[in-house]
Amino acid sequence: MASSLRIINWQADKMTSTLNTKALAPLAHSEAKYNYIPNSLTVRREPASEPAPGVWGRHNTLVVQSEGSSGSQLYNDLTDPADAAPNIEMLLWIFPDYVVFSQLEKQLGQKIYPS
């Protein structure tokens, strides 16, 4: 069953990310003129499949690079949280030091820190 994963930049800086070896489009930081609505992008989500470049699969590698940071954050072996519905869009919130999943206005699991 496929759906989508929305990656949301909840940082003060522009960020770029790489999902399973594919570089994704850069995400700008939120701005006052846009009421601080965070910028996001959507990728295909196939949690039962092996990961493909740029597609969220069973086990995933995410690399996040923020403009205001000198290093990258590496998240190895990311998977869908146990209580995630496979056919409903899932959100991945990117914070400066960790990521969080949510779905249907509910946080899924705990904060995930870089590997």
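This section reports on the structure supplied with the text. Computed from a predicted structure; not experimentally measured.

Our next topic: the nonpolar core. Counting residues in each nonpolar core, the largest one holds 20 residues, and the members touching the most others are L5, I7, L62, L92 and I94. Every element with two or more residues in this core is listed here: β1 (3-9), β2 (15-19), β4 (40-45), β5 (60-66), β6 (72-78), β7 (90-94) and β8 (99-103). It is β7 that contributes the most residues to this core, three residues altogether. With sequence-adjacent residues up to four places away left out, L62 is seen in contact with S17, T18, L19, Q73, L74, Y75, L78, L92 and I94.

Enumeration according to the criterion identifies four aromatic pairs in this entry. Ring centres 5.7 Å apart and planes at 85° place the aromatic pair W10 and W93 in the edge-to-face group. Of this pair, W10 sits in the loop between β1 and β2 while W93 is found in strand β7, placing the two residues 83 residues apart along the sequence. The exposure class of W10 is partly exposed, given its relative accessible area of 40%. Three or more aromatic residues link up through ring pairs in this structure, and these residues are F95, Y98 and Y113. Positioned above the aromatic ring of Y98, the side-chain terminus of K111 is 4.6 Å from the ring centre.

Note: strands within a sheet are paired through backbone hydrogen bonds, in either parallel or antiparallel orientation. In spatial order, the strands read β4-β1-β7-β8-β9; together these five strands make up an open sheet with mixed pairing. Looking along the sheet, the strands with just one partner apiece sit at the ends: β4 and β9 (106-112). In this sheet, neighbouring strand axes are inclined to one another by 20° on average, regardless of whether the strands run parallel or antiparallel. By the bridge criterion, five bridges tie β1 to β7 in an arrangement that is parallel. Looking at β7, one finds that I8 is bridged to W93.

This part covers the pattern of salt bridges. In the structure shown here, the tally under the stated rule is five salt bridges. The shortest N-O distance in the salt bridge between R6 and E89 comes to 3.3 Å. Of the two residues, R6 sits in strand β1 while E89 sits in the loop between β6 and β7, which places them 83 residues apart along the sequence. Among the residues examined, R6 registers a relative accessible area of 29% and is labelled partly exposed. Owing to a relative accessible area of 30%, E89 belongs among the partly exposed residues under this scheme. Across the pair K106 and D83 runs a salt bridge whose closest N-O atoms are separated by 3.6 Å.

Conventions we followed
- Each chain has its residues counted from 1, following the order in which its sequence is written.
- Thresholds applied to this predicted model are a pLDDT of at least 70 for local features of residues and 80 or more for the giving and counting of side-chain atom pairs; totals over whole chains, interfaces and linings are not thresholded and use all residues.
- Water and hydrogen atoms play no part in the side-chain values, which are based on all heavy atoms of the structure.
- Each nonpolar core is a collection of buried residues, namely Ala, Val, Leu, Ile, Met, Phe, Trp, Tyr and Cys, held together in the definition by side-chain atoms within 4.5 Å.
- Burial classes follow relative accessibility: with a 1.4 Å probe on protein chains only, a residue under 20% of its type's maximum area counts as buried, one over 50% as exposed, and anything between as partly exposed.
- Comment: elements are numbered from the N terminus, with helices defined as DSSP H or I runs of at least four residues and strands as E runs of at least two.
- Any pair of residues with heavy atoms lying within 4.5 Å of one another is described as a contacting pair.
- Centres within 6.5 Å make a pair out of two Phe, Tyr or Trp rings, where for Trp the six-membered ring is used; the pair is then stacked when the planes are under 30 degrees apart, edge-to-face when over 60, and tilted otherwise.
- Consider the ring centre and the ring normal. A charge sits over the ring if Lys NZ or Arg CZ is within 6 Å of that centre and within 35 degrees of that normal.
- Two strands qualify as a pair provided that DSSP identifies no fewer than 2 bridges between them.
- Every axis corresponds to a line fitted to the C-alpha atoms, with the helix fit spanning only the stretch in contact, and the corresponding angles, defined between N-to-C directions, vary from 0 to 180 degrees.
- By salt bridge we mean one thing: a side-chain nitrogen of Lys or Arg within 4 Å of a carboxyl oxygen of Asp or Glu.

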